[in-house]
Amino acid sequence: MMQQIRDTVDSIAKKQDISPDELHLLLTAEDSGGLEYLREKARACADAIYGDRIFTRGLIEFTNYCRNDCLYCGIRKSNGNAQRYRLTSEEILECCREGRELGFRTFVLQGGEDPYFNDDRVCEIVSRIRAEFPDCAITLSIGEKTRESYQRYFDAGADRYLLRHETADENQYRKLHPRTMSLTRRKQCLYDLKEIGYQVGCGFMVGSPGQTTETLYEDLQFIRQLQPHMVGIGPFISQHDTPFAQEESGTLDQTLRLLSIIRLIHPHVLLPATTALGTIHPLGREMGIQAGGNVVMPNLSPVSVRKKYELYDNKICTGDEAAECRHCLEGRMHRIGYRIVVDRGDYQP
Ligand code: SAM
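Below or above, wherever it landed, is the structure these notes cover. The model shown is predicted, which means the values in this text are computed figures rather than measured ones. (Residues numbered from 1 in each chain as written. Predicted model: local features only at pLDDT ≥ 70, side-chain atom pairs only at ≥ 80, totals over all residues. Heavy atoms only, no water.)

Looking at the pattern of salt bridges
Part 1 of the argument: In this structure the tally under the stated criterion is 30 salt bridges.
Part 2 of the argument: For the salt bridge of R97 with E132, the shortest nitrogen-to-oxygen distance reads 2.7 Å. Of this pair, R97 sits in helix α4 (residues 89-101) while E132 sits in helix α5 (residues 119-132), placing them 35 residues apart in sequence.
Part 3 of the argument: Owing to a relative accessible area of 26%, R97 belongs among the partly exposed residues under this scheme.
Part 4 of the argument: Take E132: its relative accessible area is 36%, and that puts it in the partly exposed class.
Part 5 of the argument: Connected via shared salt-bridge partners are E90, E94, R97, E124, R128 and E132. (Salt bridge = Lys/Arg side-chain N within 4 Å of Asp/Glu carboxyl O. Helix = DSSP H or I, 4+ residues; strand = E, 2+ residues; numbered from the N terminus. Buried < 20%, exposed > 50% of the residue type's maximum accessible area, 1.4 Å probe, protein only.)

A few points about the site of the ligand
Part 1 of the argument: For the ligand, the set of nearby residues contains 18 residues, the closest of which are Y72, G111, R164, E166 and I237.
Part 2 of the argument: With respect to the ligand, the side chain of E166 contributes an N or O atom lying 2.5 Å from an oxygen atom.
Part 3 of the argument: Interatomic distance of 2.7 Å between a backbone N/O atom of I237 and a nitrogen atom of the ligand.
Part 4 of the argument: Across the complex, the protein chains shield 92% of the 560 Å² of accessible surface that the ligand would expose by itself.
Part 5 of the argument: A class-by-class count of the residues in the shell around the ligand yields 10 nonpolar, 5 polar and 3 charged. (Near = heavy atom within 4 Å. Polar contact = N/O pair within 3.5 Å; in protein donor to acceptor, adjacent residues only side chain to side chain. Areas by Shrake-Rupley, 256 points an atom, 1.4 Å probe, with all protein chains shown as cover. Nonpolar A, V, L, I, M, F, W, Y, C, P; charged D, E, K, R; others polar.)

Details of the packing of helix α9 (residues 213-226) against helix α10 (residues 252-265)
The axes of two packed helices give the description: the angle between them and the distance between them.
Part 1 of the argument: Where α9 meets α10, the closest approach of the two axes is 11 Å, and the angle between their N-to-C directions is 30 degrees. Here α10 runs roughly parallel to α9, going by the angle between their axes. Of the two possible hands of crossing, α9 and α10 adopt the one that is right-handed. Counted together, L216, L220, I223 and R224 of α9 and L258, I261, I262 and I265 of α10 form the full contact between these two elements.
Part 2 of the argument: A per-class count over the contact of α9 with α10 returns 7 nonpolar, no polar and 1 charged. (Axes fitted to C-alpha atoms, helices over the stretch in contact; angles between N-to-C directions. Parallel < 35°, antiparallel > 145°, perpendicular 65-115°, else oblique. Left-handed = near helix turned anticlockwise from the far one by under 90°. Contact = heavy atoms within 4.5 Å.)

In structure tokens, the structure reads:
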């Protein structure tokens with residue numbers, strides 16, 4: 001069995017692709033030696049490109065208002081129990097100032113799809129960050145917009161955009177989203193962003209209700225087609241005020257296997273060990289790096305709003321100041337032989 005897994009790992013690394021049978025084998029294998037080989041091979045692949053350097057991004061969760069109603073998400077519009085908030089431009093800039101002092105050279109502005117932040121307001125914020133922090137990358141993660149809007153943000157100074165595709169399978173997409181949302185549109189957004197010139201990140205949750213090896217295979221094929229610069233994956237974690245409150249969460253083990261597989265089929269990708277991974281296991285982020293990740297995204301949002309950006313239950317680090325998060329992660333990476341660098345952390349082709 002172990003030899004079969006090793007051969008499969010070597011084969012997917014060589015062709016930078018995976019077949020449905022190979023995926024099935026790697027997601028169901030129980031042989032610990034074989035799984036160790038998968039992890040080691042993925043880690044060696046990341047080491048060969050990025051060395052012991054781990055890139056960091058300061059995450060600023062600037063609004064939890066959302067016009068969408070994704071069934072899994074704690075800030076969906078139908079959640080009447082969510083305490084809604086918005087940061088002001090000045091508060092966002094203050095987060096960036098603190099972040100830059102702490103060594104961040106990328107800021108990720110993430111939020112629900114909040115109509116208050118129309119294009120003029122987004123551009124105003126992006127231009128102010130661009131003017132004050134010319135050496136920093138600005139990443140937006142604010143959902144589906146028109147191509148014209150994406151172009152305006154880009155012209156204002158945004159460099160990168162994160163938009164998880166969530167699932168590349170039409171039926172699975174329907175299970176996770178209301179009828180008003182469409183996978184075709186979401187994919188089109190990603191292609192538009194890429195064409196405009198953004199560094200683009202797609203991604204999905206691992207273990208979302210209804211997900212199968214077949215739907216995951218489609219996710220991997222979509223990654224191969226899009227050739228994104230970043231891929232964000234983390235476990236689905238149920239949130240008590242959503243229709244998926246009673247659903248099982250995704251597992252650490254499956255997330256780690258998929259991180260390794262993604263590293264091997266798309267070697268240069270920027271691959272975060274996410275907060276969700278750190279939420280389902282105390283050493284989840286460390287294990288994510290050891291499985292092939294090369295990015296961590298600590299929170300820079302003001303502590304006063306952190307608990308309110310509750311996408312899922314028991315999210316970690318909601319009480320810690322930005323500096324504490326930064327130093328904590330530095331220690332965590334150091335203990336496994338890696339170092340967080342002061343760098344924009346661009347994709348290395
Ligand atoms: N509104 C933007 C968008 O749609 O891309 C960005 C914010 S959205 C809350 C960020 C990501 O959170 C989603 O892409 C989704 O994958 C993740 N997320 C939402 N609910 C989650 C849950 N219950 N468990 C794990 N991840 C979740």
